[in-house]
Structure formats: C-alpha cells, structure tokens
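What follows is each chain in one-letter form.
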Amino acid sequence: MLTAALAGPAYGQTKPTPSKPPQSKAVDTPSTLACGVLKAESSRTASTVQWTISGPSGKTTETGTLKSGPRFECIEGAVLVVEFTSTAGHSFFDAYFADGTNIGYGRQQIDRRGNRYILPVQAKARIAEPFRAAFDYHCRLNMPADPIPPAARADCVS
C-alpha cells in the first residue's frame, strides 16, 4: 500500500516547466588557435564572420558571410591553415607560415590524404625550405601561366 501511495502523483506540487534560453539577435562566438608565432581568431555576429591572423608580418583581418568556417589547423607547430566556404559555394585554403609568408588556393586545387595536404607542385617554390616537408605535392595543374618545370615532377605524388 505504501508503494502505491508513493507511485501516485503528489498533490499540491506542480510539474516544473523547462525554461527557454534567452533569445539574442546577434550571437558572438569567438574561436582561437595558437600555432607557434601565429594566432588565428574568429567571431561570428549574426550572419557575418570576421577572422584575424596575427603573426610576424602583422595582422590580416577578413570579414564575410560564409557557408562554413573558417576552420583553423596547425601543421607542425609552424604553419597555420585556414579553410572556409563562401555562401556561393567556393572553398578556399590559405596557409600562413612562421616566416611571415602565406599562400592561398581555391579548395579544388588542394587535396587531402589522411592528415596531409597535397598542394600544386608550383607552390613548393613559394614555400620556404623549412616548411616544404609539411606538405605533399601533385602535378595535376600544368597551366601556361604557371607551368610545372620538368625537374619538379619528381616531387609529385600520384
């Protein structure tokens, strides 16, 4: 009988109602990543995203309405990768290096196998020697304005 009494509803008590989280017109969600001497920060306010890359050559700030990203990744503690997709569906890849240089490509020019990025072999000459081993290279894009030197083909992965 005691079990039946305890199993029934408790009169005089009201069932708690879940509270709703406060609504906000502009949500600011910052994201940061430190990568050696490089630092990436992003924040989203409403539909706009702003990201800043700080390093030895100063700060670069970009703002846009994105479909996804920016996504930050640190390679070997010295190369900061930023990837994002615009609302038009165009994906971009930027690599910032500890020596202050950077390279950027449309995502269709970049492959990824496992945890390694594969860049066009033409990028290798634009990357300082200490950072070249952080990437693999492909020979798919032999463009008249940026041809692949025959000696560089030996560096290409299949």
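Calculation notes
- Residues numbered from 1 in each chain as written.
- Predicted model: local features only at pLDDT ≥ 70, side-chain atom pairs only at ≥ 80, totals over all residues.
- Heavy atoms only, no water.
- Pairing = 2+ DSSP bridges.
- Helix = DSSP H or I, 4+ residues; strand = E, 2+ residues; numbered from the N terminus.
- Contact = heavy atoms within 4.5 Å.
- Core = buried A, V, L, I, M, F, W, Y, C linked by side-chain atoms within 4.5 Å.
- Buried < 20%, exposed > 50% of the residue type's maximum accessible area, 1.4 Å probe, protein only.
- Axes fitted to C-alpha atoms, helices over the stretch in contact; angles between N-to-C directions.
- Disulfide = S-S within 2.5 Å.
- Phe/Tyr/Trp six-rings, centres within 6.5 Å; stacked < 30°, edge-to-face > 60°.
- pLDDT = per-residue confidence, 0-100.

Turning our eyes to something else, we now look at the pairing of strand E8 (residues 102–106). The sheet contact formed by strand E7 (residues 91–97) and E8 spans 5 bridges and is antiparallel. Across the sheet, Phe 92 pairs through a bridge with Gly 106, a residue of E8.

Turning to its location among the elements, Thr 32 is positioned in strand E1 (residues 31–35). Sequence separation of Thr 32 and Ser 42 is 10 residues, and the distance between their C-alpha atoms is 6.4 Å. Discounting chain neighbours no more than four positions away, the residues touching Thr 32 are Ala 40 and Glu 41.

The next subject is the nonpolar core. In terms of nonpolar packing, the biggest core is built from 21 residues, with Val 79, Phe 93, Phe 97, Ile 103, Leu 119, Ile 127 and Phe 135 touching the most fellow members. Sort the elements by how many residues they give to this core and E7 lands first, with 3 residues. Ignoring any residue separated from it by four or fewer positions in sequence, one finds Phe 97 in contact with Leu 38, Ala 78, Val 79, Asn 102, Ile 103, Ile 127, Phe 131 and Phe 135. Counting residues in hydrophobic clusters, the runner-up holds 12 residues, among them Cys 35, Leu 66, Leu 80 and Val 82.

The next subject is the sheet that holds strand E6 (residues 79–86). Spatially, 4 strands are ordered E5-E6-E7-E8 in an open sheet, and the strand pairing comes out antiparallel. The open sheet terminates on both sides in strands that have one partner only, identified here as strand E5 (66–75) and E8. Across the sheet, the mean angle from the axis of one strand to that of its neighbour is 15°, orientation sign disregarded. With 7 bridges joining them, E5 and E6 adopt antiparallel strand pairing. Pairing of Ser 68 across the sheet is with Thr 85, part of E6.

Attention now goes to the sheet that holds strand E2 (residues 38–45). Here 4 strands make up an open sheet; going across it, the order is E1-E2-E3-E4 and the pairing antiparallel. Every interior strand has two partners, whereas the edge strands, E1 and strand E4 (58–64), have only one. Each strand of the sheet is rotated relative to its neighbour by a mean of 10°, with strand direction disregarded.

What follows is about the state of the cysteines. Applying the stated criterion across every chain, the model contains 2 disulfides. Paired through a disulfide, Cys 35 and Cys 74 show a sulfur-sulfur distance of 2.1 Å. Of note, the bridge from Cys 35 to Cys 74 carries an S-S torsion of about 75° and is right-handed in sense. Taken together, the positions of Cys 35 in strand E1 and Cys 74 in strand E5 put the pair 39 residues apart, joining distant regions of the chain. One disulfide in the model links Cys 139 with Cys 156; its S-S distance is 1.6 Å. Taking the sign of the S-S torsion, about 55° here, the bridge from Cys 139 to Cys 156 comes out right-handed. Here Cys 139, found in the segment after strand E11 (136–138), pairs with Cys 156, found in the segment after E11; they are 17 residues apart in sequence, far enough to count as distant.

Under the defined criterion, the tally for this structure stands at 5 aromatic pairs. Residues Phe 93 and Tyr 117 carry aromatic rings whose centres are separated by 5.1 Å and whose planes lie at 55° to one another, so their mutual orientation is tilted. In this pair, Phe 93 is assigned in strand E7 and Tyr 117 in strand E10 (residues 116–120), connecting sequence segments 24 residues apart. Relative accessible area serves as the criterion here: at 0%, Phe 93 is assigned to the buried category.

As a further point, take the confidence of the model for the chain. Summary statistics for the chain give a mean pLDDT of 81 and a share of 80% for residues scoring 70 or more. Predicted confidence in the chain is weakest over helix H1 (residues 2–7), with a mean pLDDT of 42, and strongest over strand E3 (residues 48–55), with 95. Considering only residues more than four positions removed or in separate chains, one finds that residues 1–29, a stretch of pLDDT under 50, has 12 contacts.

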